[in-house]
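If you want the building blocks of each chain, they are given just below.
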Amino acid sequence: MAEISSIFTVALLNPMIAFLIILNNLLFNSFGLAIIAFTIIIRLVTLPLTLRQLHATRSMQTIQPRIQEVNKKFSDPRRRQEEIMKLYREAGVNPLGCVGPMIIQLPILWALYDAVRLALGTAPEALERLSGHLYTWSYLQHAVPLQDHFLGMDLRTANWLMVVLVAITTWAQTKTSTTAVVDDKQKAQQQMMAYMMPIVFAFFALSFPSGVSLYWIVNSIVGVVFNVFVYGLHIPMINLSIDPLLKPAGSAPALVASGRGDSAAAAVTPVPELRTTNGSSRSKRQNRRRRS
Amino acid sequence: MKRRRRLAILPALIALVFLATACVGTVNPEGWAAPVFDGNNIYFLQSHNRLAQAAIPTDGKTNLDWVFPDKNNAAEKDDKLQAVYGAPTIADGVVYLTSYSGGVYALDQATGKPKWHVKSGLISGNVVGGAGVGDGVVAFGTTDGHLYVVNASDGEPAANWQSPVHLSDGVWADPIVHNGTLYVGTMGGNLYAYSVKNGPNNPLWGEPFHTEGGGAIADLAMLDDTHLFVPSINKHVYVVDISNASAFKTQVDFTASDWVWTKPAFKDNVMYFGDFAGDIYAVDITAGPKGKMIWPAPVTSDGNRVKSGPAIADNMLIVADRKPTVRFIDLKTGKQLNAVPISGAGTVRADLVTHDNVVYVVTTSGKLYIAHPDNRSVTEVQVGGRQ
């Protein structure tokens, strides 16, 4: 366990702290700006992973009606499982596709969070602790202690405005990542997530330094932008409709890229035929079979 | 039924959040104030937020006379120090105490009751350094770069110091009042000198002393009557000659292996200190502009950070590292004669203090130890009385 922690520190945490301080030095010694730039850069670097995750999630949601049909049709669990796996194969969907990229991103996000927390120590002891994570490069060493105020806000302590912004941006990210589902149970789950996530993260923000909240807010805003690119955005109330800008190769189109008010329409929309780049209704594996 | 189950998830999630918060919470201020001796008494932080007066231990035992704030005294229930980093200063029957977020106090030395209190609401930022006391004033700085100078008698702003001075960087080191001059080091690497009498408008030096690259000055101490010890987290230790009040002279610029954030021990023109790489040095300040190590090589504390200032007793240098281990080092040769680990008492960040030829060590959990140079042992002081 100590070795894992040591690898995490040497390979991820220490480089991230160094990077944050370099950004701080470049951005007018403003640690707030450094956090914003850092979050955006990290999100851009991990963009391929994020897109894979979003596409996988969308593809999974697209075939949900057919999975439901299978569930209704087959009572034998083993047969049901086989049919569902067959559906996944046909759609070219890896059921773990949405989990894998998320798992890969988790250590990066955790290190980022730790880096912000360490660099913005709330107590003199934190600066002492930071010394153990700084490279012996004078460019970094001379920058500490870092400026702990940003836009009149103490980045070391919790701030109510940041708590509210964390809740709002988390809600926005959750809402923009939900697509239409036909199953009532799933719909209820999505709705609960849309309200629970902001509450949970607002609780976090209540006890965390504002610098960490700032990271989370920027992270969520970037997440919303990615979601809009992948899922599109439809807000009937203000007649706003943005189609997905990034259409994944090899996955079926979403039923209706919205979970915001037109779920009834989604429920009666016929399931489109699944198409992949491998040909109408065929997966890579099926093509290989045909060729052999 | 389903709805009920969903609702049950809410408190479970909230509980999970609280648990997670506890796991990854931020570092809380613990303080590292060194003990102080006056007359027959010792003053030390019995916990990170409580100052105690006790008789100087005999036979390894002592009893507390008073504690501040006293949790049994209703009048002191609102006095929340949070943590104390600067050693208390005692002058004319008054104990001056700075606290991280509870303001600055002048306590009656006999009773431990406050005579005056500069409340935290009147102070911008947190106070990490101790108080500089002298010439009828008390000076203290804050983490957001404000320097306050108040009357030692009543805590009101001193003459010509009506408003706090806003320096460009935080003040973590103890300000020093010496021969009518106030010396203040900042985390931006500047060292300023002001006339206590004339106030901040005409600093005594045309330009402040500046560390290389602006390395933070997190500690500051007088070596003797004319030399200031200026350590920096840029790995340099400077000795600044202040014999001429209107101009400083950098006498020594010594380079250590890592950050130096401690006070020194000083004897026969040699300063002794440790750094964050765990190296312990003995540098002759009269042997040229870079100083000269009098030992063949630095003594190592096996890589453990040295945050607390060492102390000298009986021709022995006694150093405590962060592990914590107390080391006994021959002053002349630099040979380590013994190393005694302390277990179950937190760590040592407070400077060690010599009194009556033994050295006192305070740990972060408020335990008091005595290092004996004669038999190179460490014993815990049993503290009785009110807790």
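Everything numeric here is computed off the predicted structure, so don't read it as measured data.

A. Summary view of the packing of aromatic side chains. One pass over the full model with this rule turns up 28 aromatic pairs over all chains. Measuring from ring centre to ring centre gives 4.3 Å for Phe 201 of chain A and Trp 216 of chain A, while their planes differ by 10°; the resulting arrangement is stacked. Taken together, the positions of Phe 201 of chain A in helix α10 (residues 184–207) and Trp 216 of chain A in helix α11 (residues 210–231) put the pair 15 residues apart, joining distant regions of the chain. When the ring of Tyr 43 of chain B is compared with that of Trp 66 of chain B, the centres are 6.0 Å apart and the planes differ by 50°; the resulting orientation is tilted. Of the two residues, Tyr 43 of chain B is situated in strand β2 (residues 41–47) and Trp 66 of chain B in strand β4 (residues 61–68); the sequence distance between them amounts to 23 residues.

B. The side chain of Thr 181 of chain B, seen in detail. All names here are of chain B. Summarising the element assignment, Thr 181 is placed in strand β14 (residues 181–185). Here Thr 181 falls in the buried class, since its relative accessible area comes to 5%. Apart from residues lying up to four places away in sequence, Thr 181 is in contact with Ile 176, Ala 193, Tyr 194, Val 196 and Leu 204.

C. Spotlight on unusual backbone geometry. Here the bond from Val 144 of chain A into Pro 145 of chain A is cis, since omega is 0°, no more than 30 degrees from zero. Considering the arrangement of structural elements, one finds Pro 145 of chain A in the loop between α8 (138–141) and β1 (149–150). Residue Pro 324 of chain B is bonded to the preceding Lys 323 of chain B through a cis peptide linkage, with omega at 5°. Take Pro 324 of chain B: it is sitting in the loop between β27 (316–320) and β28 (325–330). Positioned with a positive phi, Asp 135 of chain B is a non-glycine residue whose angle comes to about 50°. Residue placement: Asp 135 of chain B occurs in the loop between β9 (132–134) and β10 (137–141). A positive phi angle is found at Asn 315 of chain B, which is not glycine, with a value near 55°. Inspection of the secondary structure assignment puts Asn 315 of chain B in the loop between β26 (311–313) and β27. Owing to a relative accessible area of 43%, Asn 315 of chain B belongs among the partly exposed residues under this scheme.

Calculation rules
- Residues numbered from 1 in each chain as written.
- Chains lettered and ligands numbered in written order.
- Predicted model: local features only at pLDDT ≥ 70, side-chain atom pairs only at ≥ 80, totals over all residues.
- Heavy atoms only, no water.
- Phe/Tyr/Trp six-rings, centres within 6.5 Å; stacked < 30°, edge-to-face > 60°.
- Helix = DSSP H or I, 4+ residues; strand = E, 2+ residues; numbered from the N terminus.
- Buried < 20%, exposed > 50% of the residue type's maximum accessible area, 1.4 Å probe, protein only.
- Contact = heavy atoms within 4.5 Å.

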